[in-house]
Amino acid sequence: MSSQDEQFPAAAPEPAAPSADDGMTWWYRWLCRIAGVLGGLSCAFAGLWNCVTINPLNIAAGVWMMLNAFVLFLCEAPFCCQFIEFANAVSTRADKLRPWQKAAFYCGMAAFPVMLSLTLTTLFGNAIAFATGVLYGLSALGKKGDAISYARIHQQQKQMDEEKLTGALEGQAL
């Protein structure tokens, strides 16, 4: 053991425990992960198909799509990248992100190749990756409220509107 190893002992990697305050159920979390893997597959195949051309913008969009596929696999399914040393670290860091941050990242990552080269291949290839971002964005909005609380809010607003209306009518009568 070297002196540097003694000074800085290697910290054991902590398991990626998703934060409990993000409000995602287990099945929705798996739905987002499966959508991410499917989005990675569609980006990879469409990106490879997009590179078989002579148009430089299509080639650039295809390379970007394959990069998107790699990032999606790295963040959502690190077991697919088990021979890459930093895969678990990237996945752990991605799990710590809030859902709205993942949504913005995935949607922006999927929109760039479409803006670069608007073809059916880029559009359909990035659709599932963009849908993954939309799913994370929907989870960031939170759960829908219950009907009882909405009824109370509606009743309070109705009372306030009636009070304003009667106050306005009394002011006109004087």
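Position numbers for residues start from 1 in each chain and track the written sequence from start to end. Totals for whole chains, interfaces and linings use every residue, but because this is a predicted model, local features are given only for residues with pLDDT of at least 70 and side-chain atom pairs only at 80 or more, for both listing and counting. Side-chain metrics rest on all non-hydrogen atoms present in the structure, leaving aside hydrogens and water.

**Things to note about the packing of aromatic side chains**
Item 1. Only Phe, Tyr and Trp rings are paired, with Trp represented by its six-membered ring, and only when their centres lie within 6.5 Å; those with planes under 30 degrees apart are stacked, over 60 edge-to-face, the remainder tilted. Under the definition given, this model contains 4 aromatic pairs.
Item 2. Between W27 and Y28, the aromatic rings sit 5.8 Å apart at their centres with planes inclined by 85°, giving edge-to-face as the arrangement.
Item 3. Among the aromatic residues, those joined into a cluster by ring pairs are F105, Y106 and Y136.

**Considering the packing of helix α2 (residues 26-50) against helix α3 (residues 56-76)**
Item 1. Two numbers describe how α2 lies on α3: the axes approach to 7 Å, and their chain directions differ by 155°. The angle between the axes of α2 and α3 places the two elements in the roughly antiparallel class. Here the hand of the crossing between α2 and α3 comes out left-handed.
Item 2. When residues are grouped by polarity, Ala, Val, Leu, Ile, Met, Phe, Trp, Tyr, Cys and Pro land in nonpolar, Asp, Glu, Lys and Arg in charged, and all others, Gly among them, in polar. Of the residues assigned to the contact of α2 with α3, the class counts are 15 nonpolar, 8 polar and 2 charged. Between N-to-C directions, angles span 0 to 180 degrees; the directions come from axes that are lines fitted to C-alpha atoms, helices contributing only their stretch in contact. Numbering of helices and strands starts at the N terminus; helices are DSSP runs of H or I of at least 4 residues and strands are runs of E of at least 2. What sets the label is the angle itself: under 35 degrees gives roughly parallel, over 145 gives roughly antiparallel, 65 to 115 gives roughly perpendicular, and the rest give oblique. When the near helix sits turned anticlockwise from the far one by under a right angle, the crossing is termed left-handed; a clockwise turn instead gives a right-handed crossing.

**What about helix α5 (residues 99-116)?**
Item 1. In a regular helix each residue adds 1.5 Å, so 18 residues correspond to 26 Å; α5 covers 26 Å between its end C-alpha atoms and thus fits that length.
Item 2. All buried positions along α5 are accounted for by P99, K102, A103, Y106, C107, M109, A110, P113 and V114. With its buried residues spanning 155° around the axis, α5 presents them on a single face. What points out from α5, more than 90 degrees from its buried face, is the exposed set A104 and M115. Take the residue count of a helix, subtract one, and multiply by 1.5 Å to get its expected span. Summary of the burial criterion: residues with accessible area below 20% of their type's maximum are buried, those above 50% are exposed, and those between are partly exposed, where the area comes from a 1.4 Å probe applied to protein chains only. When we speak of the arc, we mean the arc of directions from the helix axis to the C-beta atoms.

**Details of the UniProt feature "transmembrane region" (unreviewed entry) in the protein**
Item 1. UniProt positions are given in the numbering used here, feature names are shortened, and annotations may be inferred rather than shown by experiment. With numbering aligned to this structure, UniProt lists the feature "transmembrane region" (unreviewed entry) at residues 30-49, 61-84 and 105-136.
Item 2. As annotated, residues 61-84 comprises 67% helix and 0% strand, and the C-alpha atoms at either end are separated by 24 Å.

**Let's talk about the side chain of S42**
Item 1. Within the secondary structure, S42 is located in helix α2.
Item 2. Contacts described as polar in this section are N or O atom pairs within 3.5 Å, which, within protein, must combine one atom able to donate a hydrogen with one able to accept it, while residues neighboring in sequence count only if both atoms come from side chains. Here G39 takes part through its backbone oxygen, which lies 3.0 Å from a polar atom of the side chain of S42.
Item 3. In contact with S42, other than residues within four places in its own chain, are G125 and I128. Here a residue-residue contact requires only that any non-hydrogen atoms of the pair lie within 4.5 Å.

**Here's the deal with the packing of α3 against helix α6 (residues 120-141)**
Item 1. As a packed pair, α3 and α6 sit with axes 11 Å apart at the nearest point and diverge in direction by 30°. Of the possible angle classes, the one that applies to α3 and α6 is roughly parallel. In the packing of α3 onto α6, the handedness of the crossing is left-handed. Residues A61, M65, N68, L72 and E76 of α3 touch α6, and the partners they reach there are T121, T122, G125, N126, A129 and Y136.

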